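Coordinate analysis (summary)
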Amino acid sequence: MSRSREATGPARGLAPGPKLFLLALLAAGLMIVDQRQQHLETIRGALSVLLFPLQAVVNLPFATWHWASDATASREMLMEELNRLREDRLDLQVQVQRLAALEAENARLRAMMGASRQAADRVLVAELLAVDLDPFRHRFTVNKGTRHGVYVGQALLDANGVLGQVVRVQPLTSEAIMISDADHALPVIVNRNGLRTIAMGTGDTERLSLPFLPNSADIEEGDLLVSSGLGGTFPSGYPVATVRRVERRPGEAFAEISAEPAAALLRAREVLLVWTSRVEDDADP
Amino acid sequence: MTGHRPVMAAALASLVLALALAIVPLPAQITPLRPDWVVLALVFWCLATPSRFGLGWAFFFGLLLDTLTGALLGQHALALLLATYPVLRFRLRLRVFPMLQLTVTVTLLLVLYQFTLFWIDGVTGREMPAGAYAWPVLTGALVWPLVFRLGERALRENAREQASL
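The paragraphs below set out a description of the structure included in this document. Just so you know, these numbers come straight off a predicted model, no measurement behind them. Residue numbers run consecutively from 1 along every chain, following the written order of its sequence. Naming scheme: in the order in which they are written, chains are lettered from A and ligands are numbered from 1. For a predicted model such as this one, the threshold for reporting local features is a pLDDT of at least 70, and the threshold for listing and counting side-chain atom pairs is 80 or more; totals across whole chains, interfaces and linings nevertheless cover every residue. Here the side-chain values reflect all heavy atoms present in the structure, with hydrogen atoms and water set aside.

1. Points about the overall build of chain A
Operational definition: Helix numbers and strand numbers start at the N terminus; a helix is a DSSP run of H or I with at least 4 residues, a strand a run of E with at least 2. Only protein chains enter the accessibility calculation, which uses a 1.4 Å probe; a residue is then buried when its area is under 20% of its type maximum, exposed when over 50%, and partly exposed in between. Throughout, a contact is declared for two residues whenever any of their heavy atoms are within 4.5 Å. Each accessible area value is a Shrake-Rupley result obtained with a 1.4 Å probe; residue values ignore everything except the protein chains displayed when judging cover.
Looking only at helices and strands, one finds three helices and 14 strands in chain A. Burial statistics for chain A: of 285 residues in total, 35% are counted as buried. Residue pairs in contact within chain A that sit at least 24 positions apart in sequence constitute 57% of those at least 6 positions apart. Per element, the accessible surface of chain A, about 16700 Å² overall, is 57% carbon and sulfur.

See the structure below:
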């Protein structure tokens, strides 16, 4: 390791001291701008495009593993799965028949009441990249970005319910926050009676908390919470969580309520990006 | 000057590997224990070839780390700058340190690095549990001797190859 030519010291023009000062100042400036404004998304976008190959390579062994386990599945297993899917499909079709009639009826009723109605949601399947962000923040990266029309604040669902929302988009990837992140809150209603409240993340993927309900609130264990769409971010009517524990404490103003997320937060590999658009009534013929 | 290019390539490869190790998914129980690979790699290369690796690289890889982990842009950059500067400043003294002493020094650098992250998280209201900052210091100190020996061996072999050419 000891070779004479290295002893000549830093080759670049600036001495380390002033250089540290300048770069630290630059870093601080970047942080301040990033915290306050959105101007740095282009820098971040450029860096993320540079890093995309790395993320793809890190993801590769996991993707290969899934691909290999699909490719080597035996014929019986595939047949079994096919049969199960056929049954599921039949089941769902029967439900959809009823849903179509209900949807039409709902649209008629809403038209009579002069209320705006929700257009059909457009969805796009995105895959989670198997890369870890911070272990204590429930964030993840998906393989769709601005090039696919993803925008900040867009809702993410999985087959069972609401998963989270997009917080940052880059050209090829985007970063999302889960509903269980301690910084996340989501407006919900109790499906049984329409009681409105807010579900907050706790930092635990198995638990959401509902801190703003009084002791007298009509809520029970087993109640389904669905997204209310009030914040304007999430589409309304998707399942969010099931109430697991209701503790009414006489001395306190609010009850302590926790709920279990409906979406498989840790197990999801494919997620749905949802575009919602409200169709105003005056746009109707 | 013939020996520079392979060393440079090895250094870049190891830094990219460190970035990959920083995001490779681990089982949930051991994720908090992930050492700060990028810091260790940078400290090593600053010790070994300071004329090539300095604050500019620390800054750049810090920005890459910020983008990868979705942190505030500049956060890891500042922390890496502060952790590599002492290495450059006291390099001649550090290079004659015995292993144990060097490991203690690197531990202090890791503390400085994590403290900077913690401080910025605190100021911006994104702080995490204390374990998130403490564990990487401990595991980083444990793997440092390994990183150092590996890097030294690679450099020595490179020098031998150059000599035999």
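Now that the structure has been shown, the text picks up again.
2. Remarks on the packing of helix α3 (residues 55–69) of chain B against helix α4 (residues 75–89) of chain B
All names here are of chain B. Condition: For helices, the fitted axis covers only the stretch in contact; all axes are lines through C-alpha atoms, and the angles between them, taken along N-to-C directions, range from 0 to 180 degrees. Angles are sorted into four bins: roughly parallel if under 35 degrees, roughly antiparallel if over 145, roughly perpendicular if 65 to 115, and oblique for all others. Definitions for this section: a left-handed crossing has its near helix turned counterclockwise from the far helix by less than a right angle. A right-handed crossing has that turn clockwise. When residues are grouped by polarity, Ala, Val, Leu, Ile, Met, Phe, Trp, Tyr, Cys and Pro land in nonpolar, Asp, Glu, Lys and Arg in charged, and all others, Gly among them, in polar.
The interhelical angle for the contact between α3 and α4, taken along N-to-C directions, is 150°, at an axis separation of 7 Å. Here α3 is positioned roughly antiparallel relative to α4, judged by the angle of their axes. As for the relative orientation of α3 and α4, their crossing is right-handed in sense. Together, Leu55, Ala58, Phe59, Phe61, Gly62, Leu63, Leu65, Asp66 and Thr69 of α3 and Gln75, His76, Ala77, Leu80, Leu81, Thr84, Tyr85 and Leu88 of α4 make up the contact between the two elements. Each residue belonging to the contact of α3 with α4 can be placed in one class, and the counts come to 11 nonpolar, five polar and one charged.

3. Concerning the packing of aromatic side chains
All names here are of chain B. Just so we agree on the cut-off: Stacked, tilted and edge-to-face pairs are distinguished by plane angle, under 30 degrees for stacked and over 60 for edge-to-face with tilted covering the rest, among Phe, Tyr and Trp rings (Trp via its six-membered ring) whose centres lie within 6.5 Å. Distance and angle both matter: a charge sits over a ring if NZ of Lys or CZ of Arg is within 6 Å of the ring centre and within 35 degrees of the ring normal.
Enumeration over the complete set of coordinates arrives at seven aromatic pairs over all chains. When the centroid spacing of 6.2 Å and the interplanar angle of 50° are considered together, the rings of Phe115 and Phe118 count as tilted. Note that Phe115 and Phe118 are positioned in helix α6 (residues 99–123) at a spacing of three residues, about one turn of the helix. In this structure Phe118 comes out as partly exposed when scored by relative accessible area, which is 37%. Both rings, one in Trp144 and one in Phe148, keep their centres 5.6 Å apart while their planes meet at 40°; by these two values the pair is tilted. Here Trp144 and its partner Phe148 are both found in helix α7 (residues 131–164), four residues apart, which amounts to about one turn of the helix. Accessibility assignment for this pair places Trp144 and Phe148 in one class, buried. Among the aromatic residues, those joined into a ring-pair cluster are Phe44, Trp45, Trp144 and Phe148. When the ring centre of Phe90 is taken as origin, the NZ or CZ atom of Arg89, which lies over that ring, is 5.3 Å away.

4. Here's the deal with the pairing of strand β13 (residues 270–275) of chain A
All names here are of chain A. Here is the rule: For two strands to pair, DSSP has to find at least two bridges joining them.
Direction of pairing for strand β2 (residues 122–127) relative to β13: antiparallel, over a ladder of six bridges. In the strand pairing of β13, Val123 is matched with Val274. Strand direction decides the pairing type here: strand β4 (residues 155–157) and β13, joined by three bridges, are antiparallel. Residue pairing in the sheet places Ala155 in a bridge with Val274 of β13.

5. Quick look at the sheet that holds strand β8 (residues 196–201) of chain A
All names here are of chain A. The antiparallel closed barrel is built from six strands, whose spatial order is β7-β8-β9-β12-β11-β10. Judged from the six bridges that link them, strand β11 (residues 239–247) and strand β12 (residues 256–261) form a sheet pairing that is antiparallel. Following the sheet pairing, Thr242 is matched in β12 by Glu260.

6. What about the sheet that holds strand β3 (residues 139–142) of chain A?
Residue and element names in this part refer to chain A. Read from one edge of the open sheet, six strands run β2-β13-β4-β5-β6-β3, paired in antiparallel fashion. A single partner strand is all that each edge strand has here, and the edge strands are β2 and β3. Going from strand to strand, the sheet's axes swing by 35° on average, the running direction of each strand aside. Judged from the four bridges that link them, β3 and strand β6 (residues 174–178) form a sheet pairing that is antiparallel. Along β6, the bridge assignment pairs Phe140 with Ala176.

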